[in-house]
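Listed here are the chains, written in short residue letters.
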Amino acid sequence: MEQRPKKRGDRFDGYWLRDEAPALGQFMAYLMPNRADNEAHISLDVDCRPLDAFLAKKNAGRTQDKYTYFHLFLAAAVKCFVLRPRMNRFISGNRLYMRDHISVSFVVKKKFEDKAEEGLAYKRYDENDTVDTLHESIMEEIHQCRREDVLDNSTDMMTKLLRLPRWLLHIIVNILFALDRKGKVPYDLIKADPNYSSIFMTNLGSIGMDSGYHHLNNWGTNSFFAMIGKKHLAPEWHEDGTYTVRPVISLGFTLDERIGDGYYYAGTMRLFTKILENPELLELPFSTPVEY
């Protein structure tokens, strides 16, 4: 990520794009100020065959902490954010910002049981990372989150706030939203908050569900929510009108349409697809260019 001195008007997590964004993009932040009112949804079917071959190679001889589809999809998303940095923008307080880091977040179920609690995981990556460094750090985070004696920072803070009288909690939440718009929320409260991440990803396929739509939140800065569905069979049509059946995974993406246009998003989806068709690209530093 580009690093530059912070100026007046910049946030702790990003740079204010004063004159670097088109006037239309800047005006949209005033015309439609709420992130949840500016959602664009994109769906994509990913061919599992090259992914399956790559996973077989990576997991050969492994008995635990195996590579999964989740690691590949998350690594591909991070690589897209490195190579297409406008994806890492966000709007807060009617201003357009460029985030000064790339962060990912996801929910970890402590146990696959109805009553089991959930933990929130938050990690940062940069252009020097690869799928291997990402996999290692993700597995460490998952093992940490699944410890029964550990609460993540965000969950711990929410637990404490919920003990307050309801009238006081309403006041505190209103104050927090006001601070959020200015980028002034105390860092200790949000340092692991998934709503402040570049990429928020959920793996519904791990619990046997299809992907679909998930809303964005007005709290925080997250402008890219990704859903992974379960593996299933789908027809692959050929030019002569015949078809064969192939294994695919459906993905759903919800984005803030104010931070980019359809052309930029389409290019990102082409890059994402090209990476997953050639997953060996993920073994190179995320900054390695890809022709698409």
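Refer to the structure above for everything that follows.
All residue numbers refer to position in the chain's written sequence, counted from 1. Totals for whole chains, interfaces and linings use every residue, but because this is a predicted model, local features are given only for residues with pLDDT of at least 70 and side-chain atom pairs only at 80 or more, for both listing and counting. The basis for every side-chain value is the complete set of heavy atoms in the structure, and neither hydrogens nor water enter the calculation.

K.L.:
Mind laying out the state of the cysteines, listing which residues take part and the relevant values?
P.N.:
We call a pair of cysteine sulfur atoms a disulfide when they lie within 2.5 Å. Within this structure, the stated rule accounts for zero disulfides. The closest cysteine sulfur to the non-disulfide-bonded Cys 48 is located on Cys 80, 17 Å from its own sulfur. Overall, Cys 48 belongs to the buried group, its relative accessible area being 0%. Throughout, exposure labels follow a simple rule: accessible area from a 1.4 Å probe, protein chains only, divided by the maximum for the residue type, with under 20% read as buried, over 50% as exposed, and the rest as partly exposed.

K.L.:
Before we move on, could you go through the sheet that holds strand E6 (residues 118–125) and cite the residues and values that matter?
P.N.:
Strand pairing is defined by DSSP finding a minimum of two bridges between the two strands. Strands are runs of DSSP state E lasting at least two residues, helices are runs of H or I lasting at least four, and both sets are numbered from the N terminus onward. With mixed pairing, the six strands of this open sheet are ordered in space as E2-E9-E8-E7-E5-E6. Each edge of the sheet is formed by a strand with only one pairing partner; in this case those strands are strand E2 (39–47) and E6. With strand direction ignored, the average angle separating the axes of adjacent strands in the sheet is 30°. Relative to strand E9 (residues 243–256), strand E8 (residues 224–237) runs antiparallel, the two sharing twelve bridges. The residue of E9 that forms the bridge with Leu 233 is Pro 247. Contacts were defined at the residue level, with two residues in contact if any of their heavy atoms lie within 4.5 Å. Interaxial angles span 0 to 180 degrees and are taken between N-to-C directions of axes, which are lines fitted to C-alpha atoms, for helices over the stretch in contact. Packing of helix H4 (residues 131–145) onto the sheet brings it into contact with strand E5 (102–109) and E6, and relative to E6 it is tilted by some 155°.

K.L.:
Let's hear about the side chain of Asp 256: which residues, and what values?
P.N.:
On the secondary structure map, Asp 256 appears in strand E9. Taking relative accessible area as the criterion, Asp 256 reaches 0% and is therefore assigned buried. Contacts of Asp 256, omitting those with residues within four sequence positions, involve Arg 35, Asn 38, Leu 216, Ser 223 and Tyr 265.

K.L.:
Would you mind going over the layout of surface pockets in detail, with residue names and values included?
P.N.:
Any residue with an atom within 4 Å of a point lines the site, the site being either a cavity, points on a 1 Å grid over the protein atoms alone where a 1.4 Å probe fits but cannot get out, or a pocket, an open set with protein on both sides within 12 Å along at least 5 of 7 lines. Grid points are joined across faces, edges and corners, and a volume is the space filled by probe spheres set on the points. By volume, the second largest pocket is sized at about 440 Å³. Surrounding the second largest pocket, 17 residues form its lining, Met 158, Leu 161, Leu 176, Asp 193 and Trp 219 being those nearest its centre. Elements that contribute at least two residues to the lining of the second largest pocket include exactly helix H5 (153–161), helix H6 (166–182) and helix H7 (187–190). In this classification, the charged set is Asp, Glu, Lys and Arg, the nonpolar set is Ala, Val, Leu, Ile, Met, Phe, Trp, Tyr, Cys and Pro, and all remaining amino acids, among them Gly, are polar. Across the lining of the second largest pocket, the residue classes tally to 14 nonpolar, two polar and one charged.

K.L.:
Before we move on, could you go through a nonpolar patch on the surface and cite the residues and values that matter?
P.N.:
Patches here: salt-bridge-free residues with over 30% relative accessible area, like charges joined within 9 Å, nonpolar side chains (Val, Leu, Ile, Met, Phe, Trp, Tyr) joined within 5 Å. For every accessible area listed, the method is Shrake-Rupley and the probe measures 1.4 Å; residues are considered covered only by the protein chains on display. Basic side-chain nitrogens of Lys or Arg form a salt bridge, by our definition, when they fall within 4 Å of a carboxyl oxygen of Asp or Glu. Among the surface-exposed residues, Leu 233, Trp 237, Tyr 243 and Val 245 lie close enough to one another that they form a single nonpolar patch of about 500 Å² accessible area. Listed by contribution, the elements that provide at least two residues to the nonpolar patch are E8 and E9. Relative to the helices and strands, Leu 233 is located in strand E8.

K.L.:
Outline the sheet that holds strand E4 (residues 95–99), listing residues and values.
P.N.:
Strand order in the open sheet formed by three strands is E1-E4-E3, with antiparallel pairing between adjacent strands. Since the sheet does not close on itself, it has two edges, and those belong to strand E1 (14–16) and strand E3 (89–92), each with one partner. Taking the axes of each pair of neighbouring strands and ignoring which way they run, one obtains an average angle of 35° across the sheet. In terms of strand pairing, E3 meets E4 through four bridges, oriented antiparallel. What sits directly across from Arg 89, in E4, is Met 98.

K.L.:
Mind laying out helix H3 (residues 69–83), listing which residues take part and the relevant values?
P.N.:
Since the α-helix turns once every 3.6 residues, residues separated by three or four places project in the same direction. Relative to the 21 Å expected for 15 residues at 1.5 Å per residue, H3 spans 21 Å between its end C-alpha atoms, a close match to the ideal helical length. Among the 15 residues of H3, 14 are classified as buried, and the element is accordingly described as predominantly covered. A helix is expected to span 1.5 Å for every residue after the first.

K.L.:
An account of the packing of aromatic side chains is needed here, citing residue identities and associated values.
P.N.:
By convention, a stacked pair of Phe, Tyr or Trp rings (six-membered ring in the case of Trp) has centres within 6.5 Å and planes under 30 degrees apart, an edge-to-face pair has planes over 60 apart, and any other such pair is tilted. Inspection of every chain in the model, using the stated rule, returns eleven aromatic pairs. Ring centres 4.8 Å apart and planes at 40° place the aromatic pair Phe 200 and Phe 225 in the tilted group. One end of the pair, Phe 200, is in strand E7 (residues 199–203); the other, Phe 225, is in strand E8, and 25 residues separate them in sequence. Side by side, Phe 200 and Phe 225 carry an identical accessibility label, which is buried. Summarising the aromatic geometry, the rings of Phe 253 and Phe 272 are spaced 5.5 Å apart at their centres and angled 80° between planes, so their arrangement reads as edge-to-face. Remark: Phe 272 occurs in helix H8 (residues 262–277) and Phe 253 occurs in strand E9; sequence separation between them is 19 residues. Comparing Phe 253 with Phe 272 shows no difference in burial state: the two are buried.

Purely geometric stuff here, so don't read any function into it on its own.
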